[in-house]
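Coordinates in review
Listed below, chain by chain, are the residues.
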Number of protein chains: 2
Amino acid sequence: MRKTLCLLAASAALLALPVHAAPAGATMTAGDALSIVTDLTSDVGQRLGGTAREAAARDWAVARLKALGFATPRIETFPITGWERGEEKASISAPIPHKLAVTALGYSGATPPEGVSGELVYFPTLDALKAVADGALKGKIAFVDHAFKATQDGAGYGLFGAARRQGPSIAAQKGASALLIRSIGTDHIRSPHTGVSQAPQQGKTPLASGAVSNPDADLIALLARKGKAITAQVTLTPRFTGQVTSGNVIADLVGSDPSLPPILVGCHLDSWDLATGAIDDAAGCAIVTAAALQASKEGQLARTIRVLWAGTEEMGAYGGRAYAQAHAGEPHAVVMESDTGADRVFRVGLQMGAANEPLAAKIASELARFGITRGPNEAEGGADVGPIAEKQKLAVIDLNQDLTRYFDWHHTPDDTLDKIDPVQLQQNVDVWAAVLKILGNTRTPIAPAG
Amino acid sequence: MRKTLCLLAASAALLALPVHAAPAGATMTAGDALSIVTDLTSDVGQRLGGTAREAAARDWAVARLKALGFATPRIETFPITGWERGEEKASISAPIPHKLAVTALGYSGATPPEGVSGELVYFPTLDALKAVADGALKGKIAFVDHAFKATQDGAGYGLFGAARRQGPSIAAQKGASALLIRSIGTDHIRSPHTGVSQAPQQGKTPLASGAVSNPDADLIALLARKGKAITAQVTLTPRFTGQVTSGNVIADLVGSDPSLPPILVGCHLDSWDLATGAIDDAAGCAIVTAAALQASKEGQLARTIRVLWAGTEEMGAYGGRAYAQAHAGEPHAVVMESDTGADRVFRVGLQMGAANEPLAAKIASELARFGITRGPNEAEGGADVGPIAEKQKLAVIDLNQDLTRYFDWHHTPDDTLDKIDPVQLQQNVDVWAAVLKILGNTRTPIAPAG
């Protein structure tokens, strides 16, 4: 029952870094990571993929990257399936009246405008939902608990996130009139976590599906443990808006030797619509951009660093796939991505292949001064740079961030500027800059990872 | 800018206590404090003063106190002015579109159903609002910042709470169409803090007034600092429901000598309507009740302990005044109250007068084993026992709780069971029981405090 947020701060990882107020605005320059996060979240705000706000963010990004000296910042558009949030409310009326803090999952279907009502059936895990017979939940609302706990490396998001990704189609198959899940988040506040459910399928109407906050899920679980019958009401009226336009913003910090394939560093420009997207992923764009500038501060690098501020990552990783398609014919040396908040880098994953081991060892050695350990030689890249890396079998470097508190705020109304720790944000920039400096001045070929 | 919740946990006060999961339900008994909080918040839930849910809470309380062996649990009703929350939404539309997490202040007036819209005028403090000319804000929405920071003893709630208590009438005088204030709270999440504004006045329609969450207030402050003109929309439609019934629940743990005046221990049964009222004040009722039982576990005390679970504290301290009026003719020995959450007691305030100094010293000496220091010889009692104490000039003892994180959750949708730390809750019970044992077995007269 006791799951205070404050427990997290007791971890050596967090206490090791001093925590203090952000530097005053006067001392910030436009290329500082904190400045980029502050301005993107306050000059643009929320920027859901495929909306006018995401288009405003692209214009903002082009102007900022240009002002920072990046060459030819450009927008590359692509089509996506649009989706917009509607009314969102849910409550229980028995055994006690209680409003639930709820939000629709991305690409959720809608209830009728008046909502649906019925018995809420409690499932402790997704497997428990899977186990009931098809059609057994007719007229009922399925609730899947499946609680996710904080870890430094974010393990569990795959397993427990399945309730969000697979839950809607499974609950539909069981006949449920709506699905509610415990938020895929590690916080203990009444902030529900959205997130994409499944890609839209032609001609199929998905089930109305929402996430409720952890304290609400705790109450539902307690009532279920007490053996009480629960009656719930759910109104979720999001709508599909047809084919709409999203886009990537791409810019180059030009290297001195154009014959060398560039280093691709990615993040995503879009955010969920519930907040201003400070940690997800204004921080990532700020880190890769500020680090590229910092790495070349003492002299132009040999290799070009290309920044990819991808569009529509949240609603199904469209931007990364569009980049891979558009740039499949161009060489790339290595890819990196920042898309897990702004807390410190604690580990490096170097998926670079045997041929690049001397370079990998050099990077690992350099990062030791930041207290960073070398993890297994595996790296994911992420949704934005992953598709091109897979297509071209590229070397990938993951600078793993401390995720202990990342999933407290991830995809919630609480992804706001105050969640950024400027000291940890700057540690990211310093670490990234150190890596980019080594890579950027590596004139010998960087082989595919194989 | 960096104001993480987790900073709090670094305080020695909190780290000094081990933090772990609540005991399993099976090991709890009905008189355990955690059991009382768990059941009141899940068997009844929210219980705003004067509503059917508060009436349900009274019935629940009578049954529980009876089951725990208290004599003649009884309900004493009194009338209050009823008020119910309506629609609550606010947003800014310029310079960027952004939804604000907002909630109406208690006894707020209403906007028209379609809301009000206009320029938002930023005031860094309440004094800044006071300084503008009457009528100057016609057609505008006033925003008062006035940020409140966490302290162990809660200092600042008086000063900064003035924005909530006096703000609406001042903003009305200035001609504003609505008032928004930064939540009177120390958190950094999008959970707005309600709280009573002013007592309703016959024939006067108060200004529509709401509190926005701290991250939203941060964004507004940042936009104001950037010199941006802000346009806002506010829809708040609470309504006054006329004269309704609230009530106190009173019960006695009978002492062996009925000639001795009883010890009165208070808390309040009502809660705000936004959450289940775990820390405010199910915890207080749980502490005073569990402590009374624990103090008499090894033998009946000489004095009776009377528990007062007061009604309608939140909406204007009606319950405490009703008790003082109904029981003005009865003697009381000493009063105590628990209404500041469930975190540990760190200090004792003994307002007992010179005549009771030997008793006060004995209590202070006993509490040293809990690491509790003796503060100034001042005590407030609180809204529930304060009025009778004032009327009868009674001795008052305050067991001051650590308020470092109390105002994170106070009056918000986040006042839920998971915010209770069972270890600190039990420390309260142990401390209270130690004091009640001494007082309950004091057969010599306890003098008025003078």
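Residues numbered from 1 in each chain as written. Chains lettered and ligands numbered in written order. Predicted model: local features only at pLDDT ≥ 70, side-chain atom pairs only at ≥ 80, totals over all residues. Heavy atoms only, no water.

1. Here we look at the overall build of chain A
In terms of helices and strands, chain A carries 13 helices and 16 strands. The C-alpha radius of gyration computed for chain A amounts to 22 Å, which stays within 12% of the reference 22 Å derived for 450 residues, consistent with globular compactness. For chain A, the exposed area adds up to about 15,500 Å²; of that, 55% sits on carbon and sulfur atoms. Charged side chains of chain A number 40 positive and 45 negative; the gap between the two group centres comes to 4 Å. (Helix = DSSP H or I, 4+ residues; strand = E, 2+ residues; numbered from the N terminus. Rg over C-alpha atoms; globule rule 2.2 N^0.38 Å. Areas by Shrake-Rupley, 256 points an atom, 1.4 Å probe, with all protein chains shown as cover. Lys, Arg positive; Asp, Glu negative; His and termini not counted. Charge placed at Lys NZ, Arg CZ, Asp CG, Glu CD.)

2. Side note on the pattern of salt bridges
Applying the stated rule across the entire model yields 48 salt bridges over all chains. Its salt-bridge partner being glutamate 357 of chain A, residue arginine 374 of chain A comes within 2.9 Å of it at the nearest N-O pair. With arginine 374 of chain A in strand 15 (residues 373–374) and glutamate 357 of chain A in helix 10 (residues 357–367), this pair connects stretches of sequence that are 17 residues apart. The class of arginine 374 of chain A is partly exposed, set by a relative accessible area of 30%. Between lysine 89 of chain B and glutamate 87 of chain B there is a salt bridge; the shortest N-O distance is 3.5 Å. Of the residues examined, lysine 89 of chain B reaches a relative accessible area of 47% and is grouped as partly exposed. Overall, glutamate 87 of chain B belongs to the partly exposed group, its relative accessible area being 37%. Look at the salt bridges and you will find they share partners, linking Asp39, Asp43 and Arg64 of chain A together with Lys226 and Lys228 of chain B into a network. (Salt bridge = Lys/Arg side-chain N within 4 Å of Asp/Glu carboxyl O. Buried < 20%, exposed > 50% of the residue type's maximum accessible area, 1.4 Å probe, protein only.)

3. Considering the sheet that holds strand 7 (residues 178–182) of chain A
All names here are of chain A. Reading across the sheet, the eight strands line up as 3-2-9-5-6-7-8-4 and stay open at both edges, with mixed pairing between neighbours. Sheet topology places strand 3 (98–100) and strand 4 (102–104) at the edges, where each strand pairs with a single neighbour. Shown here is a sheet whose adjacent strand axes are inclined to one another by a mean of 30 degrees, direction ignored. Direction of pairing for strand 2 (residues 88–94) relative to strand 3: antiparallel, over a ladder of three bridges. Bridging across to strand 3, alanine 90 finds its partner in leucine 100. Of the strands in this sheet, strand 2, strand 3, strand 5 (116–123), strand 6 (141–144), strand 7 and strand 8 (209–212) touch helix 7 (residues 214–225), which is tilted by about 130 degrees from strand 3. (Pairing = 2+ DSSP bridges. Axes fitted to C-alpha atoms, helices over the stretch in contact; angles between N-to-C directions. Contact = heavy atoms within 4.5 Å.)

4. Considering the pairing of strand 10 (residues 239–253) of chain A
Across a regular strand the side chains alternate sides, sitting on one face of the sheet and then on the other. Residue and element names in this part refer to chain A. Here twelve bridges tie strand 1 (residues 71–84) to strand 10, and the two strands are oriented antiparallel to one another. Across the sheet, the residue bridging to alanine 71 is aspartate 252, located in strand 10. With five bridges connecting them, strand 10 and strand 12 (residues 305–310) associate as antiparallel partners. The residue of strand 12 that forms the bridge with alanine 251 is valine 307.

5. Remarks on the environment of isoleucine 36 of chain A
Residue and element names in this part refer to chain A. Mapping isoleucine 36 onto the fold places it in helix 2 (residues 33–44). In the structure, isoleucine 36 is positioned 247 residues away from alanine 283 in sequence and 8.0 Å away in space, judged by C-alpha atoms. Once residues lying within four places of it in the same chain are set aside, the contact partners of isoleucine 36 are Ala30, Gly31, Trp60, Arg64, Leu68, Ala286, Thr289 and Trp309.

6. Description of the sheet that holds strand 7 (residues 178–182) of chain B
Working definition: the strands of a sheet are paired by backbone hydrogen bonds and lie parallel or antiparallel to each other. All names here are of chain B. Pairing in this open sheet of eight strands is mixed, and the strands run 3-2-9-5-6-7-8-4 from one edge to the other. Lying at the two open borders of the sheet, with one neighbouring strand each, are strand 3 (98–100) and strand 4 (102–104). Recorded for the sheet is a direction-independent mean angle of 30 degrees between the axes of neighbouring strands. Running over the sheet, helix 7 (residues 214–225) touches strand 2 (88–94), strand 3, strand 5 (116–123), strand 6 (141–144), strand 7 and strand 8 (209–212) and is turned about 130 degrees from strand 3.

7. Thoughts on the side chain of arginine 164 of chain A
All names here are of chain A. Within the secondary structure layout, arginine 164 lies in helix 5 (residues 157–165). As a buried residue without a salt bridge, arginine 164 has its nearest oppositely charged side chain in glutamate 314, at a separation of 6.8 Å. Excluding residues that lie within four positions of it along the chain, arginine 164 makes contacts with Leu105, Tyr157, Ile181, Ile184, Thr194, Gly195, Val196, Ser197 and His411.

8. Here's the deal with the nonpolar core
In terms of nonpolar packing, the biggest core is built from 184 residues, with Trp309 of chain A together with Trp309 of chain B touching the most fellow members. Ignoring any residue separated from it by four or fewer positions in sequence, one finds tryptophan 309 of chain A in contact with Ile36, Trp60, Ala61, Leu65, Asn248, Val249, Cys267, Leu269, Cys285, Val288 and Thr289 of chain A. If you look at the next biggest cluster of nonpolar residues, it comprises 32 residues, including Val116, Leu180, Ile220 and Tyr318 of chain A. (Core = buried A, V, L, I, M, F, W, Y, C linked by side-chain atoms within 4.5 Å.)

9. So, the packing of aromatic side chains
Within this structure, the stated rule accounts for 16 aromatic pairs over all chains. Ring centres of tyrosine 107 of chain B and phenylalanine 240 of chain B lie 5.7 Å apart, and the angle between their planes is 10 degrees; this geometry places the pair in the stacked category. Pair noted here: tyrosine 107 of chain B is in the loop between strand 4 and strand 5 and phenylalanine 240 of chain B is in strand 10 (residues 239–253), with a separation of 133 residues, a long-range link. For phenylalanine 240 of chain B, a relative accessible area of 33% corresponds to the partly exposed category. By way of ring pairs, the aromatic residues Phe148, Tyr157, Phe160, Tyr406 and Phe407 of chain A are connected into one cluster. (Phe/Tyr/Trp six-rings, centres within 6.5 Å; stacked < 30°, edge-to-face > 60°.)

10. Describing the state of the cysteines
Residue and element names in this part refer to chain A. Within the structure shown, the criterion is met by two disulfides over all chains. What pairs with cysteine 267 in a disulfide is cysteine 285, and their sulfur atoms sit 2.1 Å apart. Taking the sign of the S-S torsion, about 95 degrees here, the bridge from cysteine 267 to cysteine 285 comes out right-handed. With a gap of 18 residues between them, cysteine 267 in strand 11 (residues 263–268) and cysteine 285 in helix 8 (residues 278–295) connect regions that are remote in the sequence. (Disulfide = S-S within 2.5 Å.)

11. A look at the side chain of lysine 419 of chain A
Mapped onto the elements of the fold, lysine 419 of chain A is located in the loop between helix 12 (406–409) and helix 13 (422–440). Engagement of the side chain of lysine 419 of chain A in a polar contact is seen with the backbone oxygen of histidine 188 of chain B, the distance being 2.8 Å. (Polar contact = N/O pair within 3.5 Å; in protein donor to acceptor, adjacent residues only side chain to side chain.)

12. Re the environment of lysine 391 of chain A
You can see lysine 391 of chain A is positioned in helix 11 (residues 386–392). Excluding residues that lie within four positions of it along the chain, lysine 391 of chain A makes contacts with Ala324, Gln325 and Ala328 of chain A.

13. Quick look at the confidence of the model for chain A
All names here are of chain A. Averaged over all residues, the pLDDT of chain A is 93; the fraction at 70 or higher stands at 94%. Confidence drops under a pLDDT of 50 for residues 1–26, and excluding neighbours within four residues, the segment shows 71 contacts in the predicted structure. The ipTM value of the predicted complex is 0.89, and its pTM value is 0.91. (pLDDT = per-residue confidence, 0-100.)

14. Let's talk about unusual backbone geometry
The omega torsion of the bond from aspartate 280 of chain A to aspartate 281 of chain A falls at 10 degrees, within 30 degrees of zero and hence cis. Take aspartate 281 of chain A: it is sitting in helix 8. Residue proline 95 of chain B is bonded to the preceding alanine 94 of chain B through a cis peptide linkage, with omega at 5 degrees. Locating proline 95 of chain B in the fold gives a position in the loop between strand 2 and strand 3. With a phi close to 40 degrees, threonine 72 of chain A is a non-glycine residue in the positive phi region. A positive phi angle, close to 55 degrees, is found at lysine 393 of chain A, a residue other than glycine. Within the secondary structure layout, lysine 393 of chain A lies in the loop between helix 11 and strand 16 (395–401). The class for lysine 393 of chain A is partly exposed, based on a relative accessible area of 48%.

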